[in-house]
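Summary of the model geometry
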Amino acid sequence: MTRRFTTLSMTAAGLLACAIALPAAAQFAKPEDAIKYRKAAFTVMARHFGIVAGMANGKIPFDAKAAADNAEIATMVSKLPYAGFVEGSDKGDTKAEPKIWTEMDKFRAAASKMQDEMVKLNVAAKGGNIDTIKAAVGDTGKACKACHDNYRKE
Ligand code: ASC
């Protein structure tokens with residue numbers, strides 16, 4: 001095999017792998033799968049945010065390393081749920097308000113706000129100052145709540 005052919009076929013194989021992997025990550029076979037996915041992501045995010053929030057409000061003993069580790073995970077996972085709000089997933093086992101799909105830009109902006117606050121919480125948690133963490137937990141919680149008030153059914 002010539003070197004040129006090898007390079008070409010490796011490039012082709014790489015592109016093919018991406019073409020297969022990308023849609024697999026971005027799509028769901030059924031709306032119900034998307035609903036399950038986003039709920040799972042919210043559950044994991046809430047678990048790890050909740051540990052930091054628990055430390056901020058004194059329900060869990062403050063441990064700077066645990067706060068930083070959990071904030072890091074919550075921040076990472078905060079990127080995930082929104083891929084699950086696909087067309088057709090307004091119906092089913094979900095508390096999502098149907099208006100999400102008629103005002104998707106506003107919904108995305110609210111999601112983005114939460115993600116930004118989570119990034120700030122992550123920075124605060126790495127800093128290890130409990131008062132700064134408390135303030136950031138408050139701001140992040142407000143962003144969670146704003147979205148729940150507008151876009152989650154009781
Ligand atoms: C949490 C959690 C949420 C938010 C929200 C803030 O710990 O699980 O969904 O905070 O309750 O108002």
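Just so we're clear, the structure is a prediction, and the values are computed from it rather than from any experiment. (Residues numbered from 1 in each chain as written. Predicted model: local features only at pLDDT ≥ 70, side-chain atom pairs only at ≥ 80, totals over all residues. Heavy atoms only, no water.)

This part takes up the pattern of salt bridges. Counting across every chain of the model gives nine salt bridges. Note that K113 and E117 form a salt bridge whose closest N and O atoms lie 2.7 Å from each other. Here K113 pairs with E117, and both are found in helix α4 (residues 104-127), just four residues apart, close to one helical turn. Residue K113 is classed as partly exposed on the basis of its relative accessible area, which comes to 46%. Through salt bridges with shared partners, one network takes in K113, E117 and K120. (Salt bridge = Lys/Arg side-chain N within 4 Å of Asp/Glu carboxyl O. Helix = DSSP H or I, 4+ residues; strand = E, 2+ residues; numbered from the N terminus. Buried < 20%, exposed > 50% of the residue type's maximum accessible area, 1.4 Å probe, protein only.)

In the vicinity of the ligand, the residues found are A46, F49, G141, C144, K145 and H148. One of the backbone N or O atoms of G141 is found 3.5 Å from an oxygen atom in the ligand. Taking 310 Å² as the accessible area of the ligand by itself, protein coverage stands at 58%. Listing elements by their share of the shell around the ligand, those giving two or more residues are α2 (31-56) and α5 (130-151). (Near = heavy atom within 4 Å. Polar contact = N/O pair within 3.5 Å; in protein donor to acceptor, adjacent residues only side chain to side chain. Areas by Shrake-Rupley, 256 points an atom, 1.4 Å probe, with all protein chains shown as cover.)

A relative accessible area of 6% means that E117 is categorised as buried. Those residues in contact with E117 that lie beyond four places of it in its chain are D139, T140 and A143. (Contact = heavy atoms within 4.5 Å.)

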